[in-house]
Amino acid sequence: MLNKLLNYSMSETANPEQIKKFTFSSNYAVGRGLPDNLDILIPEQLQASYSFYTWPSSPILAWFLWENRIELPNKHILELGAGTALPSIVAAKCGAHVTVTESSLLPKSIQHIKHSCQLNGLGNNRVRVLGITWGLFLSNLFKLGSIDLIIASDCFYDPNVFEDIIVTVSFLLDRNVNAKFLTVYQERSSDWSIEYLLNKWNLKCENVDLSSLGLQSGINVQDLMQDHTLHLLKITRK
């Protein structure tokens, strides 16, 4: 089962919380000390804001990282707009050093990310959590150090923030010339496009084929997508 409800709790002073378990597996071992199976616990708050819920794009990105986990050990990965941080936690469990970020304007969301990491036994030696707001060049953006991979899931949900995301990614790719940006997005309108912004900020994009995602574990990618149309993009400097 891809994910299931493990626990449910409620208090008079907090939103109800449920814990989902996401199980990642493979039909063959990759070796090098990497896990063959992985259980990740993700807390979600019911009736809370969007950043407290694991949207369908997040498991897709997490599965892509899982199936390419042989490339992750000792890499520095930055997740933008992490929400419940499922992809970051998978990457950290597979040996990456991860910086997980959410908007600095959402302190409760940042605290929730820390909760997710703690629930999965991840300490500061493997994961750090920072506030970074797309389009704003504040101090935390300059504390990131060298980055190998930038990731994001379902950040392109509102055209009003598209350029803020692209500007931030462009800045980071300028500072990390060998890095790339992987993002999974949910198709919500055929009228929405980032092509103009990519050209404006001298970036190029290619679609990554998802048709074989999950086959290593006997999972149908359509089950992962939950009847949504999802795409994985790789964005790099031209």
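In what follows, the structure referred to is the one given above.
Heads up: these notes are all about the structure in this document.

Here is what the cut-offs are and how they apply
Residues numbered from 1 in each chain as written. Predicted model: local features only at pLDDT ≥ 70, side-chain atom pairs only at ≥ 80, totals over all residues. Heavy atoms only, no water. Helix = DSSP H or I, 4+ residues; strand = E, 2+ residues; numbered from the N terminus. Rg over C-alpha atoms; globule rule 2.2 N^0.38 Å. Buried < 20%, exposed > 50% of the residue type's maximum accessible area, 1.4 Å probe, protein only. Contact = heavy atoms within 4.5 Å. Lys, Arg positive; Asp, Glu negative; His and termini not counted. Charge placed at Lys NZ, Arg CZ, Asp CG, Glu CD. Expected span 1.5 Å × (residues − 1). Arc of directions from axis to C-beta. Disulfide = S-S within 2.5 Å. Axes fitted to C-alpha atoms, helices over the stretch in contact; angles between N-to-C directions. Parallel < 35°, antiparallel > 145°, perpendicular 65-115°, else oblique. Left-handed = near helix turned anticlockwise from the far one by under 90°. Core = buried A, V, L, I, M, F, W, Y, C linked by side-chain atoms within 4.5 Å. 1 Å grid on protein atoms, 1.4 Å probe; cavity = no way out; pocket = protein on both sides within 12 Å on 5 of 7 lines; lining within 4 Å. Points joined across faces, edges and corners; volume = space filled by probe spheres on them. Nonpolar A, V, L, I, M, F, W, Y, C, P; charged D, E, K, R; others polar.

The helix and strand tally for the chain stands at six helices and 10 strands. A compact globule built from 238 residues should have a C-alpha radius of gyration of about 18 Å, and the chain, at 17 Å, falls within 12% of that. Referenced to the eigenvectors of the C-alpha coordinate spread, the extents of the chain come out at roughly 45 × 45 × 40 Å. Buried residues in the chain amount to 50% of all 238 residues. If you take every contact in the chain between residues at least 6 apart in sequence, the share linking residues at least 24 apart comes to 71%. If you average the places of the 20 positive and of the 22 negative side-chain charges in the chain, the two averages end up 9 Å apart.

The end-to-end C-alpha distance of helix H3 (residues 107-119) is 18 Å, a good match for the 18 Å that 13 residues give at a rise of 1.5 Å each. Considered for burial, the residues of H3 that qualify are Ser109, Ile110, His112, Ile113, Ser116 and Cys117. Burial along H3 is one-sided: seen end-on, the buried residues are contained in an arc of 155 degrees. Exposed and facing more than 90 degrees away from the buried side of H3 are Pro107, Lys108 and Gln118. Each element contacted by the buried residues of H3 is listed here: strand E2 (17-25), strand E3 (37-45), helix H2 (86-93), strand E5 (97-102) and strand E6 (127-131). Gly121 sits one or two residues past H3 and shows a positive phi near 70 degrees.

This part is about the state of the cysteines. Counted according to the given criterion, the structure contains zero disulfides. The thiol of Cys94 is not disulfide-bonded; the next cysteine sulfur, from Cys117, is found 14 Å away. On the basis of relative accessibility, which here comes to 4%, the residue Cys117 falls in the buried class.

Next up on the list: the packing of helix H1 (residues 57-67) against H2. Two numbers describe how H1 lies on H2: the axes approach to 8 Å, and their chain directions differ by 15 degrees. Viewed along their axes, H1 and H2 adopt a mutual orientation that is roughly parallel. H1 and H2 meet at a crossing whose hand is right-handed. Along the contact surface, H1 presents Ser58, Pro59, Leu61, Ala62, Leu65 and Trp66, while H2 presents Leu86, Pro87, Val90 and Ala91.

Looking now at the nonpolar core. In terms of nonpolar packing, the biggest core is built from 44 residues, with Phe24, Ile60 and Val90 touching the most fellow members. When residues of this core are assigned to their parent elements, the largest contribution, seven residues, is made by H1. Apart from residues no more than four positions distant in its own chain, Val90 is found in contact with Phe24, Leu38, Ile40, Ala62 and Trp66. If you look at the next biggest cluster of nonpolar residues, it comprises 28 residues, including Leu78, Trp134, Ile165 and Ala179.

Before going further, it helps to examine empty space enclosed by the protein. Tallied over the entire structure, the rule returns two cavities of 30 Å³ or more. One number sums up the size of the second largest cavity: a volume of about 40 Å³. Considering the residues around the second largest cavity, the lining is formed by Ser104, Gly131, Ile132, Thr133, Leu136, Leu138, Asn140 and Leu141. The residue inventory of the lining of the second largest cavity, partitioned by class, reads four nonpolar, four polar and no charged.

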